[in-house]
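Residues per chain are reported as follows:
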Amino acid sequence: MRYRESGSLDASGVRDTRGRGGGGRGLAVGGGGLGLVGLVVVVLIQVLGGGDGGTSAALGTLSGLGQDQSVDNSALEQNCRTGADANESVECAVVADVESIQDYWTGVLGDRYAPTETVFFTGSVQTSCGGATSGSGPFYCPADQLVYIDLTFFDQLREQFGAQGGLFVDAYVLAHEYGHHVQNLLGTNARVTPGESGPTSGSVRLELQADCFAGAWARHAETVPDDSGEPLIAEITDDDINRALDAAARIGDDYIQENLGNGRVDQEAFTHGSSEQRQRWFRAGYETGDPGACDTFATDDLG
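Analysis parameters
All residue numbers here refer to positions counted from 1 along the written sequence of the relevant chain. It should be noted that, the model being predicted, local features are given only for residues of pLDDT at least 70 and side-chain atom pairs only at 80 or more, the latter also being counted only at that level, while totals for whole chains, interfaces and linings use all residues. Based on all heavy atoms of the structure, the side-chain values leave hydrogens and waters out of the count. Runs of H or I in DSSP of at least four residues are treated as helices and runs of E of at least two as strands, each being numbered from the N terminus. Two aromatic rings from Phe, Tyr or Trp, using only the six-membered ring of Trp, form a pair when their centres are within 6.5 Å; if the ring planes differ by under 30 degrees the pair is stacked, by over 60 it is edge-to-face, and anything between is tilted. One number per residue, pLDDT, summarises how confident the predictor is, and it ranges from 0 to 100. Contact between two residues is taken to exist if any of their heavy atoms lie within 4.5 Å; hydrogens are not considered. Among the buried residues, those of types Ala, Val, Leu, Ile, Met, Phe, Trp, Tyr and Cys that are joined through side-chain atoms within 4.5 Å form a nonpolar core. A 1.4 Å probe rolled over the protein chains alone gives each residue an accessible area, and that area as a share of the maximum for its type sets the label: buried under 20%, exposed over 50%, partly exposed in between. Note on pairing: two strands pair once DSSP finds at least 2 bridges between them. Lines fitted to C-alpha atoms define the axes here, with helix axes fitted over just the stretch in contact, and angles between the N-to-C directions of these axes take values from 0 to 180 degrees. The span one expects for a helix is its residue count, reduced by one, times 1.5 Å. Side-chain atoms alone can form a polar contact between residues adjacent in sequence; in general such a contact is a pair of N or O atoms within 3.5 Å, and within protein one must be able to donate a hydrogen while the other accepts it.

Backbone geometry at glutamine 145 places phi at a positive 55°, although glycine is not the residue there. Summarising the element assignment, glutamine 145 is placed in the loop between strand E6 (139-141) and strand E7 (146-149).

Dropping the structure here:
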């Protein structure tokens, strides 16, 4: 994956709560190996009972933000100015990803899309959905409509889950979380029964749709214009797509249960879908480039 060298980055789509200078990447990551899987559903269960998935909450509220988690974007704004910076720095690449993903959804949904921000945190964070730690992995909180990530998760994805990783895999993770934001805005969350699990559950359908949305963005990423009218992302290769599919397989419920859990696959405990399903729905979004092909709630065949 390559970003357009001369592209101008807008860091306003990120809230950096890691402290001045953006340090803290050496902190240990825990959480029982759940990572990306197990966090959004836990968060959604806490807030979906109200029926609107928290959409009535004020956009951008950082409820419970501690003094040690005050927002300081000065380092990002100084270090992440161009696509060349994104090609050299993971945090700058995330800044570029957030911009591209939101430009895409603005083009698709128009006024129905409300831009939101990604919060960088280290170790733990307080949100309107409650407290979370790095072990939760990246997640979206419907109550404050923000995406949260400890960037050390990308290291965890490679070192603990065994994924190949890479800048596009990181972008896939972010695009998945923004898929949850889209679902929240469209009211799809209200179709999910809190606490529901199983291979055809609403929770699984929600997650597979977010994978499909990520694939649809990926299909168009090289042509989505930024404020200058040119694409911010210059190239996504076949190898990038294969790496994303590899990551999708390693965050499937069955893979995690078998390799990072007790070794036994229990489909009735599925909340995100199997490895095969996650690959299938990312591929469906990528091959069609059509979010309309991502209606996982309208089919009995999830794969």
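This part covers the packing of aromatic side chains. Here the structure, examined in full by the defined rule, presents seven aromatic pairs. Measuring from centroid to centroid gives 6.3 Å for phenylalanine 168 and tryptophan 217, while their planes differ by 10°, and the two rings are stacked. One end of the pair, phenylalanine 168, is in helix H6 (residues 167-186); the other, tryptophan 217, is in helix H7 (residues 202-220), with 49 residues separating them in the sequence. Relative to tyrosine 286, the ring of phenylalanine 282 lies with its centre 6.4 Å away and its plane at 5°, an arrangement referred to as stacked.

Turning to the confidence of the model for the protein, a few remarks are in order. Taken as a whole, the protein shows an average pLDDT of 85; of its residues, 83% reach a score of 70 or greater. Below a pLDDT of 50 lies the segment residues 20-68, which in the model reaches 122 contacts outside its immediate sequence neighbourhood of four places, other chains included.

So, on to the nonpolar core. Within the largest apolar cluster, 64 residues are counted, with the highest numbers of intra-cluster contacts made by Leu157, Phe168, Leu174, Trp217 and Phe282. Among the secondary structure elements, those contributing two or more residues to this core are helix H4 (90-109), E7, helix H5 (153-159), H6, H7, helix H8 (238-250) and helix H10 (275-288). When residues in this core are grouped by element, the largest group, 10 residues, is from H4. Apart from residues lying up to four places away in sequence, leucine 174 is in contact with Val94, Val98, Ile101, Thr118, Val147, Ile149 and Phe154. Of all hydrophobic cores here, the second largest spans 10 residues; its members include Cys129, Cys141, Ala143 and Tyr148.

What follows is about the sheet that holds E7. The strand order across the open sheet built from four strands is E2-E3-E7-E6, with neighbouring strands paired in mixed fashion. Two strands in the sheet have a free side with no partner beyond their single neighbour: strand E2 (14-16) and E6. Each strand of the sheet is rotated relative to its neighbour by a mean of 25°, with strand direction disregarded. Sheet topology places strand E3 (residues 118-120) next to E7; three bridges connect them, and they run parallel. Counterpart to threonine 118 in the pairing with E7 is valine 147. Packed onto the sheet, H6 meets E3, E6 and E7 and runs at close to 20° relative to E6.

Of note, glutamine 78 is situated in helix H2 (residues 74-79). In sequence terms glutamine 78 and alanine 11 are 67 residues apart; their C-alpha atoms lie 9.4 Å from each other.

A word on H10. In this model H10 runs 20 Å from its N-terminal to its C-terminal C-alpha over 14 residues, within 8% of the 20 Å that 1.5 Å per residue would give. Along H10, the positions that sit buried rather than exposed are Ser275, Gln277, Arg278, Trp281, Phe282, Gly285 and Tyr286. For H10, the secondary structure elements touched by its buried residues are H6, H7, H8 and helix H9 (253-259). Immediately downstream of H10, the backbone of glycine 289 shows phi near 65°, a positive value.

Before going further, it helps to examine H4. Compared with the 28 Å implied by 1.5 Å per residue over 20 residues, the 28 Å span of H4 between its first and last C-alpha is a close match. N-capping of H4 is provided by serine 89, with a side-chain oxygen placed 3.4 Å from the backbone N of glutamate 91.

Our focus in this paragraph is the environment of glycine 202. For glycine 202, the location among the structural elements is in helix H7. With a relative accessible area of 7%, glycine 202 lands in the buried category. Separated by 13 residues in sequence, glycine 202 and asparagine 189 place their C-alpha atoms 8.9 Å apart.

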